[in-house]
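Tertiary structure, described
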Amino acid sequence: MSPKSPASPKSPKDPARTRRLTTAQALVAFLARQYTERDGRRQRLISATWGIFGHGNVAGIGQALVEAGHGGNGAAHRMPYLQGRNEQAMVHAAVGYARQSGRLSAQAVTTSIGPGATNLVTGAALATINRLPVLLLPGDTFATRPADPVLQQLEVPYAGDVSVNDCLRPVSRYFDRITRPEALIPAALQAMRVLADPAETGAVTLALPQDVQTEAYDWPEEFFAERDWHIRRPAPDPHELDAAVRAIRSARRPLIVAGGGVRHSAAEETLAAFTAATRIPVASTQAGKGALRHDHPADVGGIGHTGTAAADDLARTADLVIGVGTRFSDFTTASGTLFSNPAVRFLHLNITAFDAHKLAALPLVADARAGLEALTAALAGRGYRVDPAYETEYTGAKEVWEERVEASFATPDPTARPTQTQVLGLLDDLVTEEDILINAAGSLPGDLHKLWRTRSRDQYHVEYGYSCMGYEIPAAIGVLLAAGTRQRTRPVWALVGDGTYLMNPTEIVTAVQENLPLKLLILQNHGYASIGGLSESVGAEGFGTAYRHRDADGGFTGPPLPVDLAANAASLGLRVLRATTVDDLRKALSEARDAEGPTCVYVETETPDTVSGPPPAQAWWDVPVAETASRPAAVKAREEYDRQVAARRRHL
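The rules we used
Residues numbered from 1 in each chain as written. Predicted model: local features only at pLDDT ≥ 70, side-chain atom pairs only at ≥ 80, totals over all residues. Heavy atoms only, no water. Phe/Tyr/Trp six-rings, centres within 6.5 Å; stacked < 30°, edge-to-face > 60°. Helix = DSSP H or I, 4+ residues; strand = E, 2+ residues; numbered from the N terminus. Buried < 20%, exposed > 50% of the residue type's maximum accessible area, 1.4 Å probe, protein only. Lys NZ or Arg CZ within 6 Å of the ring centre and 35° of its normal. pLDDT = per-residue confidence, 0-100. Contact = heavy atoms within 4.5 Å. Pairing = 2+ DSSP bridges. Axes fitted to C-alpha atoms, helices over the stretch in contact; angles between N-to-C directions. 1 Å grid on protein atoms, 1.4 Å probe; cavity = no way out; pocket = protein on both sides within 12 Å on 5 of 7 lines; lining within 4 Å. Points joined across faces, edges and corners; volume = space filled by probe spheres on them. Nonpolar A, V, L, I, M, F, W, Y, C, P; charged D, E, K, R; others polar.

1. Here's the deal with the packing of aromatic side chains
Inspection of the entire model under this criterion finds 13 aromatic pairs. Residues Phe-53 and Tyr-81 carry aromatic rings whose centres are separated by 5.5 Å and whose planes lie at 25° to one another, so their mutual orientation is stacked. Taken together, the residues span a long stretch of sequence, with Phe-53 in the loop between β4 (46-51) and α2 (58-70) and Tyr-81 in strand β5 (residues 81-83) at a distance of 28 residues. Assessed through its relative accessible area of 33%, Tyr-81 is described here as partly exposed. Each ring, one from Tyr-217 and one from Trp-219, has its centre 4.9 Å from the other, and the planes form 75°; the classification is edge-to-face. Residue class for Tyr-217 comes out partly exposed when judged on its relative accessible area of 26%. Pairwise contacts between aromatic rings join Phe-30, Tyr-217, Trp-219, Phe-223 and Phe-224 into one cluster. A cation over a ring is seen here: Arg-455 above Trp-452, with NZ or CZ 5.7 Å from the ring centre. For the cation-ring pair, Arg-578 lies above Tyr-602, with the distance from its terminal atom to the ring centre recorded as 5.8 Å.

Given below as structure tokens:
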């Protein structure tokens, strides 16, 4: 794509004019003048910079942010600063912001060298895997090497130009090390290109040696002109479109799999129009849930290992699977066992050719909205619509599944301690289309994917590309910032288990500092519930997954650890509401939803029974089991594994 650089009195395009700034000052000034534009909507590409300062960035980017935030640049070109507590968490917050912003706006993250920089790696991987833009600006060791080694420098005997920042190369969509001031100009432009590219976007890293950050240079004034980066909507190739239409018209049992690309493209209404014309049912991945409202006639719920029976049964008999903006991960395909119709074919509408060709599919390489519009127009007037009996079948299956949802959510005893699914049911009773739920790891994503009734396109925010524990709280802060809660409050809920909370609670302090109305819901179940269940199923007997004291044999089967997470959250500045019963929880959730400041609801959950627990997995997931073992649990698990893996097929 080509950015626009309109000439104006404030930014003359005179190559003879220069401005003397440090490299860091020039970078911050440049970032404050970058914009995206799509469908006539324009916004800042880099809206703010998160930062934790150390000797690798405090005198460079830190000083530049002071000038950009308080200098004479004018309000439009100031760079807001956000103070983080953990480098990984800052990236998570920026990713949450980017997702809520539809990938049209992003944030930068600056760190010092050494551990500050390497702490970015997990967040960068999450951003790139989920195709969400974030700009990383880690400090780096001296380019001029006046002293070698310097504090926190990694010495590599075979390569003098390697630093710890090279850890970010494989998890970045673009990486450059700025070893001279003038090298910033092409690198910064390439960085913006990748951040604004809907097919290439992800983490972008500009490693900044600390001496180069502070070095002055005469920058061409044109470098600081406002630039608009147009977010393209590529239309499908006519040949591919014709093949796609033929495939759909010949299908008797088609099924749409909606992924995150539907949301990134803002294609929800277009998808609804396509299903209205064709009556093709729609299943959703974790990233795609919300592409249709839960009560839309064509919505059959989540698909794959954590999917609904309605969606998974349709997948097993589908003769054409139409992927829209999905990567088809192993959770979606049930590790290659779900789409079992011998005649099944695949049609993948995706903005990247890499994803469009997966599973030997017919590719339709295009923006999700543009592609669906083209398909709808091409099918119009040709009389295609699924057989009414098929429509009756999937709507009936959805009704049956809803009965299972109701059973999981039911709370017959208001004085009892709630199960996890009952907690979700109480929240389901409370929320409206305004609420946003954020989750990422543990047993909650599976329960949410099967059971949650999504009411709006952005209500369901589950990060499951990387399924990173510790994402939820900082991501909620990013969502709150993107949702404009300082002007109009939208309830934003971060749902975490005790394992996730202990991984990364630090940004609670940021929510308190910014007085953001975060609603934190902590479910205490004394361990890693999801992995505990998985461990039992693969013959590992729950080893190392419970938060308990050691027993006499050295195992972890003693009493639960006396950890008070509610007290911890309160010590970080949150208002905490404790709930012990179903009735307590109902009142606490309502009170938290109405709260104007950051609030925590803490509840200890009950182990579910067969009535109040979630429905079991409706499709398999491949976690290899020990081929030889002496313990009966592992031997039995291997027998089941061999039975399941025999059903796997490669789609060629």
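The rest of the description comes next.
2. Side note on the confidence of the model for the protein
Considering every residue of the protein, the mean pLDDT works out to 94; 96% of them sit at 70 or more. Contacts for the low-pLDDT stretch residues 5-12, under 50 throughout, to residues beyond four places or in other chains number 11 contacts.

3. So, the sheet that holds strand β14 (residues 299-302)
Spatially, 6 strands are ordered β14-β13-β12-β15-β16-β17 in an open sheet, and the strand pairing comes out parallel. What marks the edges here is a single partner per strand, and that holds for β14 and β17 (362-365). Across this sheet, the average inter-strand angle for adjacent strands is 20°, counted without regard to direction. Running over the sheet, helix α14 (residues 368-379) touches β15 (320-324), β16 (345-350) and β17 and is turned about 125° from β16.

4. Concerning the environment of Ala-125
Locating Ala-125 in the fold gives a position in helix α5 (residues 120-129). You can call Ala-125 buried: its relative accessible area is 7%. For the pair Ala-125 and Gly-202, spaced 77 residues apart in the sequence, the C-alpha separation amounts to 8.6 Å. With sequence-adjacent residues up to four places away left out, Ala-125 is seen in contact with Val-171 and Tyr-466.

5. Here's the deal with the pairing of strand β6 (residues 106-111)
Burial of β6 is extensive: 6 of the 6 residues sit out of reach of the surface. Burial of the side chains of β6 extends over both faces: Ala-106, Ala-108 and Thr-110 are buried on one face and Gln-107, Val-109 and Thr-111 on the other. Inspection of the sheet shows β4 paired to β6 by 4 bridges, in the parallel sense. In the sheet register, Trp-50 faces β6, and the bridge partner there is Val-109.

6. Some words on empty space enclosed by the protein
Applying the stated rule across the entire model yields 3 cavities of 30 Å³ or more. As a volume, the largest cavity reaches approximately 170 Å³. If you trace the largest cavity, you find 19 residues lining it, with Lys-289, His-294, Asp-299, Gly-301 and Trp-452 closest to the centre. Here the residues of the lining of the largest cavity are counted per class, giving 6 nonpolar, 6 polar and 7 charged. Estimates place the volume of the second largest cavity at around 50 Å³. Partitioned by chemical class, the residues of the lining of the second largest cavity number 5 nonpolar, 2 polar and 1 charged.

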